Amino acid sequence: MMFDNTRVLHGRTAFDTNEGHRHLQGCYMDSDGPRERFATTLMRQRQQQAQQENREEMA
């Protein structure tokens, strides 16, 4: 699951060790990486579609 941590309010009860074991793990990345990857992928798809359309017109 991915979410924008700047838009999420954190609310949880205090951890009670008598209730069991809790494991929290986080992974952080900047938002520019996924945005750039999405934009690049979209641009490549559009280029491939244009090439396919050009091939179909030539045939």
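Rules used throughout
Per-chain numbering applies: the sequence of each chain, read as written, is numbered from 1 onward. Totals for whole chains, interfaces and linings use every residue, but because this is a predicted model, local features are given only for residues with pLDDT of at least 70 and side-chain atom pairs only at 80 or more, for both listing and counting. Hydrogens and water are ignored here; the side-chain numbers use all heavy atoms of the structure. A helix here means a DSSP run of H or I that spans at least four residues, while a strand means a run of E at least two residues long, and both kinds are numbered starting from the N terminus. A simple rule labels every residue: compare its accessible area, found with a 1.4 Å probe on the protein chains alone, to the largest value its type can have, and call it buried under 20%, exposed over 50%, or partly exposed in between. Using a 1.4 Å probe, the Shrake-Rupley method yields the accessible areas, and only the shown protein chains count as cover for residues. We call two N or O atoms a polar contact when they sit within 3.5 Å, provided that within protein one can donate a hydrogen and the other can accept it, with sequence-adjacent residues counted only if both atoms are side-chain atoms.

**Q** Would you mind going over the overall build of the chain with me for this structure?
**A** The helix and strand inventory of the chain stands at 1 helix and 0 strands. Across the 59 residues of the chain, 2% fall into the buried class. Only carbon and sulfur atoms are counted for the fraction: they give 51% of the accessible area of the chain, which is about 6,500 Å².

**Q** Even after reading the chapter, I still don't get the environment of Thr-40, so can you show me in this structure?
**A** In this structure, Thr-40 sits in helix α1 (residues 32-58). Among the polar contacts made by the side chain of Thr-40, one reaches the side chain of Glu-36 at a distance of 2.8 Å.

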